[in-house]
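# Architecture at a glance
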Amino acid sequence: MVSARILAVLAITALVQALPLQPKGAVQSGPGFTAIQPGSYFVEFYGEPAGSNCDREHAAFAEQTRMAGLVVNTRNSFKRLFNGVAIDLPDTGCLEQIASLPMVKRTWPMQMRTRSVAIPSSNVAPNLLFAHQYTGVEKAHAELGLDGSGIKVGVIDTGVDYMHPDLGGCWKTPGCPFQYGMDFVGNGYDSGTTPRPHPGPDPRDTCDGHGTHVTGIIAAHGSKLKGVAPGVTLGVYRIFGCPGNGTGQAADDVILKALEAAHEDRMDVINMSFGGGSGWSEDPLSVAASRLVNDGIVMVASTGNAGANGLYTSGSPGLGVGVINVASFENWMITSLSIDVVGTKSNVSIVHSSPGNSKIRFVFRTPTRVVAPVDGSGSIEGCASYTEHFAGQILLVKRGGCTFVEKAAFAQSAGAVGVMVYNYDSELMSPTSASDNVTIPLVVIKSDDGQAILSELNFGHVTVTATNRTMSAPNPAGGQISHFSSWGPDPELYLSPAVGAPGGNIFSTFPLALGGYTSLSGTSMASPYVAGMAALILQAKSKKISVGEVRRLILESARPAVDANSTALLSPLRQGSGLANIWDAIAALATIDPPQLSLNYTELGAQSSTNAGDSTATDGLDGVTIVKRARVSPLARPTTQWPIQMVRTLTLRNNSPTNFLTCTMTNLPASAVSSFMANGSFTATPRTWPESNNTTAVARDTQPQAFVEGPALPIRVAPGDSQRISVRIIAPTGLSQKDKWFYSGYLRFNLLWDDQVGTAQSLHVPYMGFLGDYTKLDILSSPDEGLPFVSLRGSTDAIADDDHLLIDAAHRLSVHYRLEHPTRLLKMQLVDEENVPQGYLPYGYLEYLGRNYQGGSSHYSNSTINGTLYHDADLTRPFATAPGTYRVRIDALRPLRSPSDPDGFQTWISPKFVLDSVSLVKNATADKLEVGDSVNYGEY
């Protein structure tokens, strides 16, 4: 496992097995499955990127495809990060012939990525300068004079409104912060619906705003906003078109083209506030990002906004080796656009959400009357036509009963000019009321504010005005992890996220056409905050520092936060090393290597240190020797249940040139988390220990312990010298292995220098392990959940043993399954009565998959039985299914197991069924599959 990750750093070719050759037909987006652009492929050549053979292989490919009469439309060529081409094939049947050309190493389908959806923060627009107080940025600006000058930061996103005055109001003029970048797509681009890019002359964004908001967090320098590194030089690379064009996606070749351009422009830092893919480090963009790290660029990415879906939700490209993927913390101060309410008894100013349609703002400069009528059904929810007319008035309605679009439409039909929806509670949520038929604004207000307005209406008229006036208030959740922030670990048990930064309720720049400023929430906002921090470190160190050292400084100086739902520190699977602090990072006089510890699986009953059979490998990024644990035979395990013990060696370096360093260590246990309840049922919201309602002392054996083995404490390190420290970590024995806990903690190194002032600092190294044998975990959901099963297409009724069925244009079967854990390989085949495989189903050989989420349209996945099977795992050799007796067999590779190990799979076999007749009719060959025949998600 370790060696696979190290190889991934060395070349993008390490990942290309991530997706099989696919027949035509789009795979729908969803967790664990990446959307595929039909008929488009990457073709990789044998030569190393940027090598001497690149030009020759590109020329030979063009010549040999022409000589063979193959119709190949080359859309992009790559030679820097990847040696190959991106192509469109009008006839996908010639893919096998292309794959056989002598210079072709591998081909795989074109994936599509979705822009990270920033969560409108209820127009709650926290003061970015206030956040800077808690992250050391304000102090670094004021006392060190740091602003990122001389550092180049690339932003790969939706573009930027460079005419915004807080961003310079210029493009590539002398003294302008924007000196690099280009538009790769144009306004109308969408890889799912309008896949042909038509780039504009520059990457100006006037229609989306995501990239403008991100850029402001990094580099705004106006009277209203100051970014983390307002003096940086910027490169902006636009990869997304305007919203509303379709799926809101960008193809991987477009993103790779942008990464190559940023590399060619010699960016020092690149921010990637987008995601998707499989959630594996082997994902194509994860590997490309790793290659950029290896080439000396600090790569920063958002970890994802899927926190509500639980563990294993960190996405790529943030999982690339050496990439800093960032979690989101809530901001501390709310500076909100307000509504002034004037009643008979009282006047008050209240906050409101962002409008349901960002293009229709909630602005009423003169007093406008508010009414709260019942609709035609007698409800105050506004979910039916009104019997009265309310021309020129704003309707106050209760949340629930129907969609926000419907509430706005009914109010508009009654002549209203706006809608205020009061929530169930004191929270502000972000509505969506965008519709071609709705032209009035809609916002959400807090429950208490709604009730107060209702009370005022009992005494007489109520009016409101809403302008751009702001009001400030403390955020009760300030400094806590954002609820939407994604969880780790990655599927190979590496710790994710890396670190956290302010991302919840961030006020920043927005396109002038869309209001100029807004507040958004998301790890998309946290990532540029850390990118700005990286720029400050590079400036402070005069760029005489490696990428690995920048990463270590940011991670080790972070401050772990307490779990709001427990009595322990928050698990590093949610916050990484903690909340980043740039002052502590720059001031650090020592570093520890490695900055994080992933302990792999830890089954009770065996002791572990560095034993016979272990292999070692060197991480080229940090120069750290990593021990890959040898499997212990069950027969060799002692009968006594010893606690699992792991020894990890860290290197402490004293960077002071004049003073000795004294070090002690404290173990800080963090919350244990599990995706399973005590009864074994799956839970999207991770179960934690200690529990939130726990009022008794936490038993010592339910938390991990850690001790320094040698040398004896305190440790003395000479100026400019380093010392190796062996730490023994003991897994908790008081927790049950059947509950599948991830235990964790932080090693706090307490450092004291013998200078005149007695300089003291502390560094934190998070650790995480799995309690049990990780290689034995099931991938498929428990039968208690009713999955997997086979049904007639369109039905959720499972077929019974010996059912007689037919396949034709109108009758097909669906195979439904749910992955509760990521898997390296999933195979779906038809087998005969003797369990002998007959062929792969469409999309029946899938690699590097994430797990299904718990709710909505992603609860389960399905494939189809449509009369076409495949001889090969690449799914390029289709044949017709013969009538006969069959079963469906699903093989899911368990964690960390080898695909060549037949015992490494969890296997499910369906009831037996009889296909009496098979008629392909309109789907006669594999390349005629309809979209409905591909992997889809459904409500279950």
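Predicted model, so just to flag it, every value in this text is computed and none were measured.

Quick notes on the rules
Residues numbered from 1 in each chain as written. Predicted model: local features only at pLDDT ≥ 70, side-chain atom pairs only at ≥ 80, totals over all residues. Heavy atoms only, no water. Helix = DSSP H or I, 4+ residues; strand = E, 2+ residues; numbered from the N terminus. Buried < 20%, exposed > 50% of the residue type's maximum accessible area, 1.4 Å probe, protein only. Contact = heavy atoms within 4.5 Å. Areas by Shrake-Rupley, 256 points an atom, 1.4 Å probe, with all protein chains shown as cover. Phe/Tyr/Trp six-rings, centres within 6.5 Å; stacked < 30°, edge-to-face > 60°. Disulfide = S-S within 2.5 Å. Axes fitted to C-alpha atoms, helices over the stretch in contact; angles between N-to-C directions. Left-handed = near helix turned anticlockwise from the far one by under 90°. Pairing = 2+ DSSP bridges. Arc of directions from axis to C-beta. Salt bridge = Lys/Arg side-chain N within 4 Å of Asp/Glu carboxyl O. Parallel < 35°, antiparallel > 145°, perpendicular 65-115°, else oblique. Nonpolar A, V, L, I, M, F, W, Y, C, P; charged D, E, K, R; others polar. Core = buried A, V, L, I, M, F, W, Y, C linked by side-chain atoms within 4.5 Å. Lys, Arg positive; Asp, Glu negative; His and termini not counted. pLDDT = per-residue confidence, 0-100.

Turning to the overall build of the protein, a few remarks are in order. In terms of regular secondary structure, the protein is built from 14 helices and 48 strands. In the protein, buried positions account for 60% of the 940 residues. Nonlocal contacts in the protein, meaning residues at least 24 apart in sequence, comprise 77% of its contacts between residues at least 6 apart. Summed over its atoms, the accessible surface of the protein is roughly 33900 Å², and 50% of this surface lies on carbon and sulfur atoms.

Right, let's talk about the environment of I865 for a bit. If you trace the backbone, I865 turns up in strand β42 (residues 860-865). The exposure class of I865 is buried, given its relative accessible area of 2%. C-alpha of I865 to C-alpha of H811: the two residues are 54 residues apart in sequence and 9.5 Å apart in space. Beyond its immediate sequence surroundings of up to four residues, I865 is in contact with I807, R812, L813, V815, L830, L841, V888 and F913.

Here the focus is the packing of aromatic side chains. Throughout the structure, instances matching the rule amount to 19 aromatic pairs. Note on F42 and F82: the rings are 5.4 Å apart at their centroids and 75° apart in plane angle, and the pair reads as edge-to-face. Placement of the pair is F42 in strand β1 (residues 35-45) and F82 in the loop between β2 (73-78) and β3 (84-88), with a sequence separation of 40 residues. A residue is classified by how much of its surface remains accessible, and F42, at 3% relative accessible area, is buried. On the accessibility criterion, F82 (1% relative accessible area) is buried. With a centroid separation of 5.6 Å and 80° between ring planes, the pair formed by F82 and W108 is classed as edge-to-face. Linking F82 in the loop between β2 and β3 with W108 in strand β4 (residues 104-115), this pair joins segments that are 26 residues apart in sequence. Here the aromatic cluster, defined as three or more aromatic residues joined through ring pairs, consists of F42, F78, F82 and W108.

Once that is clear, we can look at the state of the cysteines. According to the stated counting rule, one finds 3 disulfides in the structure shown. Shown here is the disulfide that connects C170 with C176, its sulfur atoms set 2.2 Å apart. With the S-S dihedral at roughly 95°, the linkage between C170 and C176 falls on the right-handed side. One disulfide in the model links C207 with C242; its S-S distance is 2.0 Å.

Okay, the packing of helix α11 (residues 523-540) against helix α12 (residues 547-556) next. Between α11 and α12, whose axes approach to 10 Å, the crossing angle comes to 120°. Helix-helix and strand crossings are classified by hand; for α11 and α12 the assignment is right-handed. Listed contacts from α12 to V530, A534, I537 and L538 of α11 are V550, L553 and I554.

Strand residues, when the strand is regular, have side chains that alternate between the two faces of the sheet. Of all 5 residues in strand β39 (residues 813-817), 5 are buried, a share of seventy percent or more. The side-chain alternation of β39 yields two buried faces, one formed by L813, V815 and Y817 and the other by S814 and H816. In this structure, strand β37 (residues 789-792) lies alongside β39, joined through 4 bridges in antiparallel fashion. Residue pairing for β39: L792 is matched across the bridge by L813. Across 5 bridges, β39 lies against β42 in antiparallel orientation. The residue bridging Y817 from the neighbouring strand is S861, located in β42.

Once that is clear, we can look at unusual backbone geometry. Trans peptide bonds make up most of the peptide bonds, and negative phi angles are found at most residues other than glycine. In this model, G488 is joined to P489 through a cis peptide bond whose omega is -5°. By the element assignment, P489 lies in the loop between β21 (470-474) and β22 (499-504). L787 connects to P788 through a cis peptide bond whose omega is 0°. Within the fold, P788 resides in the loop between β36 (760-771) and β37. Phi angles above zero are rare outside glycine, and Y312 is one such case at about 60°.

The next thing to look at is helix α9 (residues 404-413). Those residues of α9 that fall on the buried side of the exposure criterion are F404, K407, A408 and A411. Down the axis, α9 shows its buried residues gathered within 95° of arc, on one side only. Positive phi appears at G415, one or two residues downstream of α9, with a value of about 90°.

Where side chains of opposite charge bring their charged atoms close, a pairing between them can arise. With the rule as written, the count across this model stands at 26 salt bridges. Of the charged contacts in the structure, one is a salt bridge between E847 and R824, with a shortest N-O distance of 2.5 Å. One end of the pair, E847, is in strand β41 (residues 837-849); the other, R824, is in strand β40 (residues 823-831), with 23 residues separating them in the sequence. Here R824 falls in the partly exposed class, since its relative accessible area comes to 23%. In this structure, a network of salt bridges that share partners links the residues R75, D88, R196 and D253.

Two strands in a sheet stick together by hydrogen bonds in their backbones, pointing the same way (parallel) or opposite ways (antiparallel). Pairing in this open sheet of 7 strands is parallel, and the strands run β7-β8-β6-β10-β12-β13-β22 from one edge to the other. Among the strands making up the open sheet, the edge pair consists of β7 (178-183) and β22. When strand polarity is set aside, the average angle formed by the axes of neighbouring strands in this sheet is 25°. Pairing geometry for strand β6 (residues 152-157) and strand β8 (residues 233-238), over 6 bridges, is parallel. Bridge pairing links V155 to V236 in β8. Where helix α6 (residues 210-219) meets the sheet, it contacts β6, β7, β8 and β10 (269-272), and its direction lies at approximately 160° from that of β6.

Turning next to the environment of P842. Checked against the element boundaries, P842 lands in strand β41. Separated by 21 residues in sequence, P842 and S863 place their C-alpha atoms 6.9 Å apart.

Running from amino to carboxyl end, helix α7 (residues 252-264) crosses helix α8 (residues 284-294) at an angle of 5°, the nearest separation of the two axes being 11 Å. What the angle tells us is that α7 and α8 run roughly parallel. Only P284, L285, A288 and L292 of α8 make contact with α7, whose side of the interface consists of D252, I255, L256, L259 and H263. Classifying every residue of the contact of α7 with α8 by side-chain character gives 7 nonpolar, 1 polar and 1 charged.

In this structure, L259, M299 and I554 are the most contacted members of the largest nonpolar core, which totals 104 residues. Tallying contributions element by element places α11 first for this core, with 11 residues. With residues up to four places along the chain from it excluded, the contact list for M299 reads L259, I270, M272, A289, L292, V293, V323 and I324. If you look at the next biggest cluster of nonpolar residues, it comprises 31 residues, including L650, A672, V727 and L735.

Turning our eyes to something else, we now look at the side chain of E260. With respect to the element layout, E260 can be found in helix α7. Buried and unpaired, E260 has no salt bridge, with K257 as the nearest side chain of opposite charge at 5.0 Å.

With that out of the way, let us pick up the environment of L70. Residue position: L70 is located in the loop between α2 (54-67) and β2. Along the chain, L70 and C94 lie 24 residues apart, while their C-alpha atoms are 7.2 Å from each other. Other than its neighbours up to four places away in sequence, L70 contacts T65, C94, Q97 and I98.

Across the protein, pLDDT averages 85, with 85% of residues at or above 70. Overall, residues 1-33 carries pLDDT values under 50, and its contacts beyond four positions in sequence, including any with other chains, amount to 124 contacts. Taken together, the stretch residues 922-940 has pLDDT below 50 and engages in 73 contacts with residues farther than four places along the chain or on a different chain.

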